[in-house]
Amino acid sequence: MRPSSAERASSGSFELFAWLFMRISGVILLGMAVFHLFYMHFVFGVERMNFNTIGARWQNPLWRVFDFFLLAFALFHGFNGLRVVLDDYLSQRPGWRVLAKTLVFVLVVGLMSIGGYVIFTFPAAANLAAVP
Amino acid sequence: MKAHFKIKRFNPEKDREPHWEEYELEVEPTERVLDALQTIKWEQDGTLTLRRSCAHGICGSDAMVINGKNRLACKTLIKDLGSHITVEPLRGLPVIKDLIIDFTDFFAKYRSIKPYFINDEPPPDVERRQSPRQRARFDDTTKCILCGICTTACPVFWADSRYLGPAAIVQAHRFLFDSRDQGAEERLPVLSAHGGVWKCRTVFNCTDACPQGIDVTGAIAEVKKLLLFRKL
């Protein structure tokens, strides 16, 4: 079946850029996630990992930027993957498809907001003692 | 040798669901699956329904699932399968009867990419010239016989029938990369839309199954690249 004119008009280049984003974020995530895993487990050490040490690490704003991008790429890469899967498996159920995609989108935006809020508003180490 | 055939049958006037029926017959190992199916139809069960036309691998009518893989019955030798052979209709399109599936949706998608030469310039006195190199650019996709084996082997097409499918994209490739053709502006919006090339997940089932040996996944990738670099 030829896609309806509305479907074509609404998609435009969206699918192209979603596809491109998937490739680029995949490569970036490979580097960032492997680095993060290696650093936390072998350089930093899991046994030292706790609230205070992570708080202290965030004294360096570069770590906040790194964590923010790791979170953003992981969430949106995962979201786009789920969107594609839902498109396939709910292709015959347009109502459920819109509902499922909306729910996942709201969840991703919610997680991104909470994560971003924590990363950028976490008090600097000087005030750590005040944090319970 | 003795061959044992298990065939998925469906008669829309009698059956609610498809069911298996089994047949035994004497065959030569060098015979093709199509020969055996015709023997069954002619000598054992005249109600067995299948499509075939040229019977020499060029018309693409007798595509079916043989021992789990999409193949042309006329290009598959019994000696390559052994004595136990299962035959089913292609997957992903509605079955009309037995091994015959409804290709309406397949050909609607084929037509949507405008599978014909588009060039508004008046024809020159001689033919529209093309170098051997320009001709070679799209040679692979000219081999398509529209049997539907690639599209019905694609898991994305099974899941989401809005996908154009590999066969339509192969046909688009044949014209998009033809130096004489000017129809890209009309074809590319269809290929870039929701059901277009971006649904391809490079599973390679199409390339694996193509009886003409076309690099189907490669052709789809070239159309993706074309769309991408036009945008960037």
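Criteria and thresholds
- Residues numbered from 1 in each chain as written.
- Chains lettered and ligands numbered in written order.
- Predicted model: local features only at pLDDT ≥ 70, side-chain atom pairs only at ≥ 80, totals over all residues.
- Heavy atoms only, no water.
- Core = buried A, V, L, I, M, F, W, Y, C linked by side-chain atoms within 4.5 Å.
- Buried < 20%, exposed > 50% of the residue type's maximum accessible area, 1.4 Å probe, protein only.
- Helix = DSSP H or I, 4+ residues; strand = E, 2+ residues; numbered from the N terminus.
- Contact = heavy atoms within 4.5 Å.
- pLDDT = per-residue confidence, 0-100.
- Pairing = 2+ DSSP bridges.
- Axes fitted to C-alpha atoms, helices over the stretch in contact; angles between N-to-C directions.
- Parallel < 35°, antiparallel > 145°, perpendicular 65-115°, else oblique.
- Left-handed = near helix turned anticlockwise from the far one by under 90°.
- Phe/Tyr/Trp six-rings, centres within 6.5 Å; stacked < 30°, edge-to-face > 60°.
- Lys NZ or Arg CZ within 6 Å of the ring centre and 35° of its normal.
- Domains from an automatic or database assignment.
- Buried area = accessible area lost by both parts, 1.4 Å probe.

Notes on the nonpolar core
Residue and element names in this part refer to chain B. Residues Phe5, Ile7, Val33, Leu37, Val87 and Leu191 are the most contacted members of the largest nonpolar core, which totals 72 residues. For this core, the leading source of residues is helix α5 (residues 166-176), giving 6 residues. When neighbours within four sequence positions are excluded, isoleucine 7 is seen to be in contact with His19, Trp20, Glu21, Tyr23, Leu37, Ile40, Leu48, Val87 and Leu99.

Things to note about the confidence of the model for chain B
One rule of thumb: low pLDDT means the predicted coordinates there are not for detailed reading. Averaged over chain B, the pLDDT score is 96; the fraction of residues at 70 or greater is 100%. Taken together, the chains of this predicted complex give a pTM of 0.88 and an interface ipTM of 0.82.

Details of the pairing of strand β3 (residues 63-66) of chain B
All names here are of chain B. Alternating positions in β3 separate into two faces, Ala63 and Val65 on one and Met64 and Ile66 on the other, with burial throughout. One ladder, built from 4 bridges, connects β3 with strand β4 (residues 69-72); its direction is antiparallel. Residue pairing in the sheet places methionine 64 in a bridge with arginine 71 of β4. Taken together, β3 and the strand that follows it, β4, pair antiparallel across an intervening segment of 2 residues, in which asparagine 67 is found at a positive phi of about 45°. Two strands pair when backbone bridges link them, and β3 and strand β5 (residues 84-88) are joined in this way by 2 bridges, in the antiparallel orientation. Paired with valine 65 across the bridge in β5 is glutamate 88.

Section: the packing of helix α2 (residues 14-45) of chain A against helix α4 (residues 61-89) of chain A
When two helices pack together, their arrangement is given by the angle between the helix axes and by the axis-to-axis distance. Residues and elements named next belong to chain A. Two elements in contact, α2 and α4, have axes whose closest approach is 8 Å; the angle formed by their N-to-C orientations is 135°. Classified by the angle between their axes, α2 and α4 sit oblique to one another. Classified by chirality, the crossing of α4 by α2 is left-handed.

What to know about the packing of aromatic side chains
We describe a pair of aromatic rings using the distance from one ring centre to the other and the angle between the two ring planes. Residues and elements named next belong to chain A. The full count for this structure, using the stated rule, is 19 aromatic pairs over all chains. Here phenylalanine 21 and phenylalanine 73 contribute two aromatic rings whose centre-to-centre distance is 6.4 Å and whose plane-to-plane angle is 25°, an arrangement assigned as stacked. Linking phenylalanine 21 in helix α2 with phenylalanine 73 in helix α4, this pair joins segments that are 52 residues apart in sequence. When the ring of tyrosine 39 is compared with that of tryptophan 63, the centres are 5.0 Å apart and the planes differ by 45°; the resulting orientation is tilted. Taken together, the residues span a long stretch of sequence, with tyrosine 39 in helix α2 and tryptophan 63 in helix α4 at a distance of 24 residues. When its relative accessible area of 14% is taken as the criterion, tryptophan 63 is described as buried. Site record: aromatic cluster; members linked through ring pairs are Phe21, Phe68, Phe69, Phe73 and Phe120. Note that arginine 48 overlies the ring of phenylalanine 44, its terminal NZ or CZ placed 4.6 Å from the centroid. The ring of tryptophan 63 is capped by arginine 57, whose NZ or CZ atom sits 4.0 Å from the centre of that ring.

Examining the sheet that holds β5 of chain B
Residue and element names in this part refer to chain B. Taken together, 5 strands build an open sheet; the order of strands is β2-β1-β5-β3-β4 and the sheet is mixed. Each edge of the open sheet carries a strand with a single partner, namely β2 (19-26) and β4. Pairs of neighbouring strands in the sheet enclose a mean axial angle of 35°, with direction left out of account. Of the strands in this sheet, β1 (2-9), β2, β3 and β5 touch helix α1 (residues 33-44), which is tilted by about 95° from β2.

Overview of the environment of valine 190 of chain B
Residue position: valine 190 of chain B is located in helix α6 (residues 184-192). Sequence separation of valine 190 of chain B and methionine 1 of chain B is 189 residues, and the distance between their C-alpha atoms is 51 Å.

Structural notes on the domain arrangement of chain B
Residue and element names in this part refer to chain B. Here the domain parsing of chain B yields domain 1 (2-101) and domain 2 (104-231). One C-alpha centre belongs to domain 1, the other to domain 2; they are set 29 Å apart. Counting residues at the interface gives 14 residues for domain 1 and 13 residues for domain 2. Counting each side, the surface lost to burial between domain 1 and domain 2 is near 1100 Å², with a carbon and sulfur contribution of 63%. Contact with domain 2 buries area across many residues of domain 1, yet Asn70, Arg91 and Leu93 alone supply 44% of it, more than any other trio.

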